[in-house]
Amino acid sequence: MNKNNDRIVFVGVVFVAIVALIVLRMFYLQVIRYDFFKNQSVAQQKRKITLYPNRGDILDRNGLYLATSSKAYQVYLDPRYKYKNPGLVRQEMRDILGLSYDRINSLMARNTYILVKSKVDKPSAMKLTAKGFDLLPDSIRIYPSKRTAAQIIGFVGWDNDGKDGLEKAFDKKLAGKSGSMVLESDLKGRIIYSDKKKVFPVKDGKNIETTIDRYMQFILEVALERGVANVGARSASGIIMDVYTGEIYAMANYPSFNPNNYSPDFIKDPTCFWNRAIFMDYEPGSVMKLFSISTALEEGVIKEKDRIYSPNRIVVDNSVIEEAHDAQVDESLTRDITEIIMKSLNVATAKIGLELGAQKLYKGLIKFGFSKKTGIELPGESPGSLRHYSSWYKVDLSRMAFGYGLTATPLQLVRAVAVFANGGDLVHPHVLKGENVRKERVLSKRTSAFMMKAMQRTVEEGTGVATIIDQYTIGGKTGTARLFSSEFNRYMPGQYNTTFLGVFPVKKPRFAMVIMVNDPATMKYASTSAVPIFKEAAERIIRYLRIDPV
């Protein structure tokens, strides 16, 4: 009997313990964890669907579309109706929405309110006749001019976020604010259709007006593409800027891409996304003579009528500085300042740099905006590079004067040459219309006027003669610089970057333009690679804008 009593007591204790544990567990779940499970339950019973706004348009200076949005739809599958006519539902998913057999089977097997496809254009969405499809607002980003201004505009991903260019820089303004639709569902995700849908409306994005002229942009891009093909170059870039306001009328690069269909382009050649015009900093070569010589004039180190002895080569710190071409037998080696620019003489410019001194040359180049970003409203700008003068050797000073030992971007160069055209002001380059003109006086009007005359003579008699346009005055400067490889840490034999930096018309300056050609396989000098691109673009722009002969 005692054993039986012990067993009964043991079973009773175990039973009481189990009941106590159940009660405690229920107390924990229903009282202590009540708020947590209540929130979880609510979350499981609510389905939030994002509604996308229309992005703002990106317009050129004349109100033409560079980027816009078209009404589209998100197509959802409603499980209440899909089995009433499953054959038609399957057919339309295949024929109209372009879904694969496996994807269709997967969707039909789900018993939830599920997204079938997003960004379905309106004509396609309107063809859906089967009961079971629910259409919710969406939009498709469209770039009407395809490749035109692609690196400036950028593109939008499938998540509706800007990925590059203006689309990225002004994503918040362009994107607007997404809305949502909240649906009630059961724990298995099935929609409870007795409840009303709660809709939180979208707020569409705002438009952006740019300074770009779509037709001038097209002109520049065509000229670059043709120029790259003619000389077998890796790439080319160009910029056209108003010399007084800093407004960018065109900024182009080749190769480029179509932002309407960027994925294949990306797989084929990721460099097509690069806006080389603002981030490719390189040793510009002889175009820098304009800025070192004008600095020497401004500092009084040389005078406009000075003549400088310029032999074919000199030695500086055991390094040879020489000309690209030897002088003619009967040619005088004593040159005036204009001739030095016109004939692009390295030795004479090096001697001027040595006379000017490291500190003054450095400060002069800083005034022209080198080694710092311009502040343009586009992502990815490079500041270029210019070491502090305290670290220069004598040979560095001599080489800096004619464009080696420092780097600059095409944008920095076109802004700097505009200083001569507008009478001495460094302007702020910009691509947004309506920006206030920002400028800083960096050069006297006298020196600016002298440099413009020297640039005009360079086109009419010197290295830029291929730029001559009948009845119009053009001023410019060529630059052919050896290409430095950071991979091999040396200059590559037979490889060059070529540049033409110019202003037109000289007598009534309006535009500054830079053309940069990267590693031409043939026609390796700027006069035969960059200059023809400049001339083609300038001629067509003159006709387009009906600029009077001057």
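Just to check I follow, could you spell out the environment of Val228 for this structure?
The topology assignment puts Val228 in helix α9 (residues 214-231). The sequence separation of Val228 and Tyr83 amounts to 145 residues, and the corresponding C-alpha distance is 59 Å.

Hey, could you run me through the sheet that holds strand β18 (residues 490-504) in this one?
What links the strands of a sheet is backbone hydrogen bonding, and the strands pair in either a parallel or an antiparallel sense. Here we have five strands laid out as an open sheet, ordered β10-β9-β19-β18-β17, and antiparallel in their pairing. Bordering the open sheet on either side are β10 (248-254) and β17 (475-485), each of which pairs with just one other strand. Within this sheet the neighbouring strands show an average axis-to-axis angle of 10°, counted without direction. The sheet contact formed by strand β9 (residues 235-242) and β10 spans six bridges and is antiparallel. Paired with Ile240 across the bridge in β10 is Ala250. Contacting β9, β10 and β19 (511-518), α9 runs over the sheet at an angle of about 30° to β10. Across the sheet, helix α19 (residues 526-545) touches β9, β17, β18 and β19, and the angle it forms with β18 is around 25°.

What exactly am I supposed to notice about unusual backbone geometry here?
One can expect most non-glycine residues to show negative phi and most peptide bonds to be in trans. In this model, Tyr254 is joined to Pro255 through a cis peptide bond whose omega is 10°. Mapping Pro255 onto the fold places it in the loop between β10 and α10 (262-268). The residue after Phe504, namely Pro505, is reached through a cis peptide bond having omega -20°. Tracing the backbone shows Pro505 in the loop between β18 and β19. The backbone of Asn318 sits at a positive phi, close to 65°, despite the residue not being glycine.

How should I be thinking about the side chain of Ser398 in this particular structure?
As for its position among the elements, Ser398 is in helix α16 (residues 394-400). Taking the relative accessible area as the measure of exposure, Ser398 reaches 0% and is therefore buried. Residue contacts for Ser398: discarding those within four places in its chain leaves Val316, Ile321, Ala350 and Leu354.

It is not clear to me how the packing of helix α3 (residues 86-95) against helix α4 (residues 101-109) should be interpreted in this structure. Could you clarify?
When two helices pack together, you describe them by how their axes are tilted relative to each other and by the distance separating the axes. Taken N-terminus to C-terminus, the directions of α3 and α4 make an angle of 140°; their axes are 10 Å apart at the nearest point. Looking at the two axes, α3 sits oblique to α4. α4 is crossed by α3, and the crossing has right-handed handedness. Facing Pro86, Val89, Arg90, Met93 and Arg94 of α3, the residues of α4 in contact are Ile104, Asn105, Leu107 and Met108. Along the lines of polarity and charge, the residues of the contact of α3 with α4 split into six nonpolar, one polar and two charged.

Sorry if this is basic, but what is going on with the pattern of salt bridges here?
Pairing between side chains of opposite charge can happen when the charged atoms of each approach one another. Applying the stated criterion to the full structure yields 14 salt bridges. Residue Arg234 pairs with Asp519 through a salt bridge whose shortest N-O separation is 3.0 Å. Note that Arg234 is positioned in the loop between α9 and β9 and Asp519 in the loop between β19 and α19, a separation of 285 residues in sequence. On the basis of relative accessible area, Asp519 is assigned to the buried category, the value being 11%. Between Glu322 and Arg313 there is a salt bridge, with its nearest N and O atoms 3.4 Å apart.

I tried to follow the packing of aromatic side chains on my own but got confused; where do I start?
We describe a pair of aromatic rings using the distance from one ring centre to the other and the angle between the two ring planes. Tallied over the entire structure, the rule returns 20 aromatic pairs. Three or more aromatic residues link up through ring pairs in this structure, and these residues are Tyr249, Phe500, Phe504, Phe511 and Phe534. Arg490 extends its terminal NZ or CZ atom over the ring of Phe488, reaching a point 5.6 Å from the ring centre.

Definitions and limits used
Residues numbered from 1 in each chain as written. Predicted model: local features only at pLDDT ≥ 70, side-chain atom pairs only at ≥ 80, totals over all residues. Heavy atoms only, no water. Helix = DSSP H or I, 4+ residues; strand = E, 2+ residues; numbered from the N terminus. Pairing = 2+ DSSP bridges. Axes fitted to C-alpha atoms, helices over the stretch in contact; angles between N-to-C directions. Contact = heavy atoms within 4.5 Å. Buried < 20%, exposed > 50% of the residue type's maximum accessible area, 1.4 Å probe, protein only. Parallel < 35°, antiparallel > 145°, perpendicular 65-115°, else oblique. Left-handed = near helix turned anticlockwise from the far one by under 90°. Nonpolar A, V, L, I, M, F, W, Y, C, P; charged D, E, K, R; others polar. Salt bridge = Lys/Arg side-chain N within 4 Å of Asp/Glu carboxyl O. Phe/Tyr/Trp six-rings, centres within 6.5 Å; stacked < 30°, edge-to-face > 60°. Lys NZ or Arg CZ within 6 Å of the ring centre and 35° of its normal.

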